[in-house]
Amino acid sequence: LSSGLFGSSSSMFAPEEVRTVRWSLTATAPIYRRSVHLGLRQSLAEREQARIQLDTALTQLELKVRTQLAQLMVAEFEVLSTDAAIESAQRSLAEAELRFKLGQKTRVDVLKAQANLTSLKSQRITSLDARQVARDKFLESTGLSEADLVDTGLYRREKSGQPLALARDLDTLEGEL
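These numbers were taken from a predicted model, which means no experiment stands behind them.

The next point concerns the overall build of the chain. Across its full length, the chain carries 5 helices and 2 strands. Starting at the N terminus and ending at the C terminus, the chain contains elements arranged as α-α-α-α-β-β-α. Relative to its 177 residues, the chain shows a buried fraction of 19%. Pairs at least 24 residues apart make up 54% of the contacts formed inside the chain by residues separated by at least 6 positions. Per element, the accessible surface of the chain, about 14,100 Å² overall, is 55% carbon and sulfur.

Below you can see the structure in the form of structure tokens.
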């Protein structure tokens, strides 16, 4: 089959077996997966919901603490006003007894003054109990101990060893809350 110009084709080319190997790696990655997108949106919505719940819980806690503080202040005011009323009633009783001795008042006036004083003393016991309850609720809602409450400046110890009494200046505590 050769023209002879190139010699015989059988001497020039020796048949050889050549192995060819073909490898391929096919990777398919979709550009958009709806399930991943929906999962991401759901996670973002859950995070936002959790943030709103946290804000709500913090607001409720702040409201609870402020309410307890207000109730404590009212209870303390009631104790202080009852104490002032008792002092006034004691002076009125002493005056009524003196005027009775001088003949200017009757025994009924003295008994009314004594009844008024007894009523105010009873009211003071109720006020002290209400103050203790309000203080305990405030301590429970804030997680403070009695010593911590004294350290905040809200309460101070009285010299007589009586229970804690509300401090007069609450501006510093309001700033901390």
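With that settled, consider the pattern of salt bridges. Scanning all chains against the criterion turns up 8 salt bridges. The network of salt bridges with shared partners includes Glu48, Arg51 and Asp55.

Turning our eyes to something else, we now look at helix α2 (residues 34–102). Each α-helix winds once per 3.6 residues, and so residues spaced three or four apart point in a common direction. In this model α2 runs 100 Å from its N-terminal to its C-terminal C-alpha over 69 residues, within 8% of the 102 Å that 1.5 Å per residue would give. Inspection of α2 places Val65, Gln68, Leu69, Leu72, Ala75, Glu76, Val79, Thr82, Ile86, Ala89, Leu93 and Ala96 among the buried residues, and these make up the whole buried set. Two residues or fewer after α2 comes Gly103, characterised by a positive phi angle close to 90°.

Running from amino to carboxyl end, α2 crosses helix α3 (residues 107–142) at an angle of 160°, the nearest separation of the two axes being 8 Å. With respect to α3, the element α2 is oriented roughly antiparallel. The chirality of how α2 crosses α3 is left-handed.

When the terminal C-alpha atoms of α3 are compared, their 52 Å separation across 36 residues agrees well with the 52 Å that a helix rising 1.5 Å per residue should span. Every buried residue belonging to α3 is among Val110, Ala113, Leu117, Leu120, Ser127, Arg131, Ala134, Arg135, Phe138, Leu139 and Ser141, and all of these are buried. Looking at the residues trailing α3, positive phi occurs at Gly143, about 80°.

So, on to the packing of aromatic side chains. For the structure on display, the rule yields 0 aromatic pairs. Cation over ring: Arg107 sits above Phe100, and NZ or CZ is 5.7 Å from the ring centre.

Let us now look at the confidence of the model for the chain. Low pLDDT marks stretches whose predicted atomic positions should not be read closely. Averaged over all residues, the pLDDT of the chain equals 81, while 77% of them reach at least 70. Predicted confidence for residues 159–165 stays below pLDDT 50, and this span has 15 contacts to residues more than four positions away or in other chains. Segment residues 167–177 is flagged for pLDDT under 50; beyond a separation of four residues in sequence, or across chains, it makes 16 contacts in the model.

What follows is about the side chain of Glu76. As for its placement among the helices and strands, Glu76 is situated in helix α2. By relative accessible area, Glu76 is classed as buried at 1%. Polar contacts involving the side chain of Glu76 include one to the side chain of Arg131, which spans 2.9 Å.

Parameters at a glance
- Residues numbered from 1 in each chain as written.
- Predicted model: local features only at pLDDT ≥ 70, side-chain atom pairs only at ≥ 80, totals over all residues.
- Heavy atoms only, no water.
- Helix = DSSP H or I, 4+ residues; strand = E, 2+ residues; numbered from the N terminus.
- Buried < 20%, exposed > 50% of the residue type's maximum accessible area, 1.4 Å probe, protein only.
- Contact = heavy atoms within 4.5 Å.
- Areas by Shrake-Rupley, 256 points an atom, 1.4 Å probe, with all protein chains shown as cover.
- Salt bridge = Lys/Arg side-chain N within 4 Å of Asp/Glu carboxyl O.
- Expected span 1.5 Å × (residues − 1).
- Axes fitted to C-alpha atoms, helices over the stretch in contact; angles between N-to-C directions.
- Parallel < 35°, antiparallel > 145°, perpendicular 65-115°, else oblique.
- Left-handed = near helix turned anticlockwise from the far one by under 90°.
- Phe/Tyr/Trp six-rings, centres within 6.5 Å; stacked < 30°, edge-to-face > 60°.
- Lys NZ or Arg CZ within 6 Å of the ring centre and 35° of its normal.
- pLDDT = per-residue confidence, 0-100.
- Polar contact = N/O pair within 3.5 Å; in protein donor to acceptor, adjacent residues only side chain to side chain.

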